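This is what each chain is made of:
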Amino acid sequence: GMLHATSGFDHSRVLDSGGEAIWTSRHAVGGRAGAVPWTGCAAGLSAAGIDALEDGRSQLLLGLDLSLNNGPLGVRGEFLRHRADAEEDLVGEGWYLAAQWNFGPAYGIARWDSWRPQGAARDRRLSLGAGVPVRGAMILRAEYEWWPDAGRDDRLVLQVAAGFGR
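About the cut-offs
Residues numbered from 1 in each chain as written. Predicted model: local features only at pLDDT ≥ 70, side-chain atom pairs only at ≥ 80, totals over all residues. Heavy atoms only, no water. Helix = DSSP H or I, 4+ residues; strand = E, 2+ residues; numbered from the N terminus. Buried < 20%, exposed > 50% of the residue type's maximum accessible area, 1.4 Å probe, protein only. Contact = heavy atoms within 4.5 Å. Areas by Shrake-Rupley, 256 points an atom, 1.4 Å probe, with all protein chains shown as cover. Salt bridge = Lys/Arg side-chain N within 4 Å of Asp/Glu carboxyl O. Pairing = 2+ DSSP bridges. Polar contact = N/O pair within 3.5 Å; in protein donor to acceptor, adjacent residues only side chain to side chain. Phe/Tyr/Trp six-rings, centres within 6.5 Å; stacked < 30°, edge-to-face > 60°. Lys NZ or Arg CZ within 6 Å of the ring centre and 35° of its normal. Patch = residues over 30% accessible without salt bridge, like charges linked within 9 Å, V, L, I, M, F, W, Y side chains within 5 Å.

**Q** So, the overall build of the protein chain: which residues are in play, and what are the values?
**A** Along the backbone of the protein chain there are 0 helices and 12 strands. Along the protein chain, helices (α) and strands (β) appear in the sequence β-β-β-β-β-β-β-β-β-β-β-β when read from the amino end. Buried positions account for 25% of the 166 residues belonging to the protein chain. Across the protein chain, the fraction of contacts at a sequence separation of at least 24, relative to all contacts at a separation of at least 6, is 31%. Counting every atom, the protein chain has about 10800 Å² of accessible surface; 60% of that belongs to carbon and sulfur.

Pasting the structure below:
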């Protein structure tokens, strides 16, 4: 199991009515409970709640995940549900399936995901990429994102990621 609590994050959103909702978050709390039924397999349930300062608005995210690892190949999938209580209630759900193949210090990744806000069209994405450690916990990563649904441009994402810990 794992629990987390942080200060929240501020963000804004354009409403269907044309106005703007600005959220100043107070805090975010959540956790994950998981099980490892056998070596290389893990499953879990997760939840996160975010409370805003104005009008008692809140968000809730729920997740169910499963991961399988066998040697250099790892596969992970998760189903997510999101609800936000605001001027216009938001409900959405989605899932992703990701695979990572480790070859030496570098790795290749592929991810297929789908998100559908209630009453809207499904938004799908395919990502293909690779990462390589540079020094210690610093990683260079490149990923190409393809959006098969209309209205989004494909893009190449380049990242430098660093990890900290013991």
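There is more to say, and it comes next.
**Q** Before we move on, can you summarise the pattern of salt bridges with the specific residues and values?
**A** Evaluated as defined, the whole model comprises 8 salt bridges. Note that Arg 125 is salt-bridged to Asp 113, the shortest N-O span being 2.8 Å. Residue Arg 125 is found in strand β10 (residues 123-135), and its partner Asp 113 is found in strand β9 (residues 106-117); the two are separated by 12 residues along the sequence.

**Q** Can you tell me about the environment of Leu 3, naming the residues and giving the values?
**A** Structurally, Leu 3 is set in strand β1 (residues 2-7). What makes Leu 3 exposed here is its relative accessible area of 78%. A sequence separation of 29 residues divides Leu 3 from Arg 32, and the C-alpha atoms of the two residues are 6.6 Å apart. For Leu 3, the residues in contact, after removing those within four places along its chain, are Gly 30 and Gly 31.

**Q** Give a detailed account of the pairing of strand β7 (residues 73-85), specifying residues and quantitative values.
**A** Taken together, the 13 bridges between strand β6 (residues 58-70) and β7 define a ladder with antiparallel strand orientation. The residue of β7 that forms the bridge with Leu 61 is His 82. Linking two consecutive strands that pair antiparallel, namely β6 and β7, is a turn of 2 residues; a positive phi of about 65° is found at Gly 71 within it.

**Q** Pulling in residues and values, what's your account of the side chain of Asp 113?
**A** Residue classification places Asp 113 among the buried residues on the basis of a relative accessible area of 9%. Looking at Asp 113, its side chain comes within polar contact range of the side chain of Arg 111, at 3.0 Å. A polar contact is formed between the side chain of Asp 113 and the side chain of Arg 125, at a distance of 2.8 Å. Beyond its immediate chain neighbours, meaning those up to four positions away, Asp 113 contacts Trp 95, Tyr 96, Asp 123, Arg 124 and Arg 125.

**Q** A description of the packing of aromatic side chains should follow, citing residues and the corresponding values.
**A** One pair of aromatic rings is described through two measures. These are the centre distance and the angle between the planes. Summed over the entire model, instances satisfying the criterion amount to 0 aromatic pairs. Lying over the aromatic face of Tyr 96, Arg 111 brings its terminal NZ or CZ to 4.1 Å of the ring centre.

**Q** Break down a nonpolar patch on the surface for me, with residues and values.
**A** Together, Trp 38, Leu 45, Leu 64, Leu 66, Leu 68, Leu 73, Val 75, Phe 79, Trp 95, Leu 97, Trp 101 and Phe 103 make up an exposed nonpolar region whose accessible area comes to about 1200 Å². Broken down by secondary-structure element, the contributors of at least two residues to the nonpolar patch are β6, β7 and β8 (90-103). Tallying contributions element by element places β8 first for the nonpolar patch, with 4 residues. Here Phe 79 lies in strand β7.

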